[in-house]
Amino acid sequence: NKLFAADASKIYDVTSAGVSSSVQTGLTSGYWQHTNFGNAGGNWLFMVNGLDKPRLYDGTTWEAVDGASTHAITGVATTNLVHVTQHKNRLWFIEKSKLKAWYLDTNAIAGTAHAFPLEGVFKRGGYLMAATTWTIDGGQGMDDYMVFVTNRGEFAVYAGTDVSSSTTWSLKGVWQIGE
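Residues numbered from 1 in each chain as written. Predicted model: local features only at pLDDT ≥ 70, side-chain atom pairs only at ≥ 80, totals over all residues. Heavy atoms only, no water.

Chemist: How do you make sense of the sheet that holds strand β9 (residues 81-87) when you look at a structure like this?
Modeler: Each strand in a sheet pairs with its neighbour through backbone hydrogen bonds, running either in the same direction (parallel) or in the opposite one (antiparallel). With antiparallel pairing, the four strands of this open sheet are ordered in space as β9-β10-β11-β13. Taken across any chain shown, the strands that pair with only one partner, and hence form the sheet edges, are β9 and β13 (114-117). Neighbour-to-neighbour, the strand axes of the sheet open up by a mean angle of 30 degrees, direction not taken into account. (Pairing = 2+ DSSP bridges. Helix = DSSP H or I, 4+ residues; strand = E, 2+ residues; numbered from the N terminus. Axes fitted to C-alpha atoms, helices over the stretch in contact; angles between N-to-C directions.)

Chemist: Which parts of the structure should I look at to understand the pairing of strand β16 (residues 154-160)?
Modeler: Counting buried residues along β16, seven of its seven residues qualify, which places the element largely inside the surrounding structure. Here β16 shows no split at all, with Glu154, Ala156, Tyr158 and Gly160 on one side and Phe155, Val157 and Ala159 on the other all buried. Here strand β15 (residues 145-150) pairs with β16 via five bridges, running antiparallel. Its bridge partner lying in β16, Met146 is registered against Tyr158. Linking β15 back to β16 in an antiparallel pair, the connection comprises three residues, with Gly153 at a positive phi of about 85 degrees. For β16 and strand β17 (residues 169-176), the ladder comprises seven bridges, and the chain directions are antiparallel. Across the sheet, Phe155 pairs through a bridge with Trp175, a residue of β17. (Buried < 20%, exposed > 50% of the residue type's maximum accessible area, 1.4 Å probe, protein only.)

Chemist: Sorry if this is basic, but what is going on with the environment of Arg124 here?
Modeler: Mapped onto the fold, Arg124 is located in the loop between β13 and β14 (128-134). For Arg124, a relative accessible area of 39% gives the class partly exposed. In this structure, the C-alpha to C-alpha distance between Arg124 and Thr150, residues 26 residues apart in sequence, is 9.1 Å. In this structure the side chain of Arg124 is engaged in a polar contact, spanning 3.5 Å, whose partner is the side chain of Glu179. (Polar contact = N/O pair within 3.5 Å; in protein donor to acceptor, adjacent residues only side chain to side chain.)

No statement about biological role is implied by the geometric values presented.
This is the structure we're talking about:
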């Protein structure tokens, strides 16, 4: 197990009390969003902040992710990814200051990011602030929903198993909760 902390220019390994060492330097923001993700290739920590290249950690090695890195993500400027979550074995990202989410193929930590535009879903405009899984039964399963939240206080709920198919993915509703 590892524990990391960040400030405006570095990420530190703070696993041991009283001891910290920088594991990433030269960064421009300490406001990281992260998720842990496991697939056949291992277990990964994926971090984004909307300014720096995302960071991918495999338990030993850190990688700055862009369109040419070992675990490259193409289709979107990775420095614009400001939020990351996982839903139904996919990594999902939010693009900074946009009503657009991006997702990777099932169980992928790299590859082509596919756009999921939400401009026509949210009537009040603004930009996405978060995305998350909402479970009804308290566990992880087929009945989990995907939720997108905007800075204007709207949230959209989607149900289904495969976002790439209109027969298995559908909008359940859009609600206003206040800014």
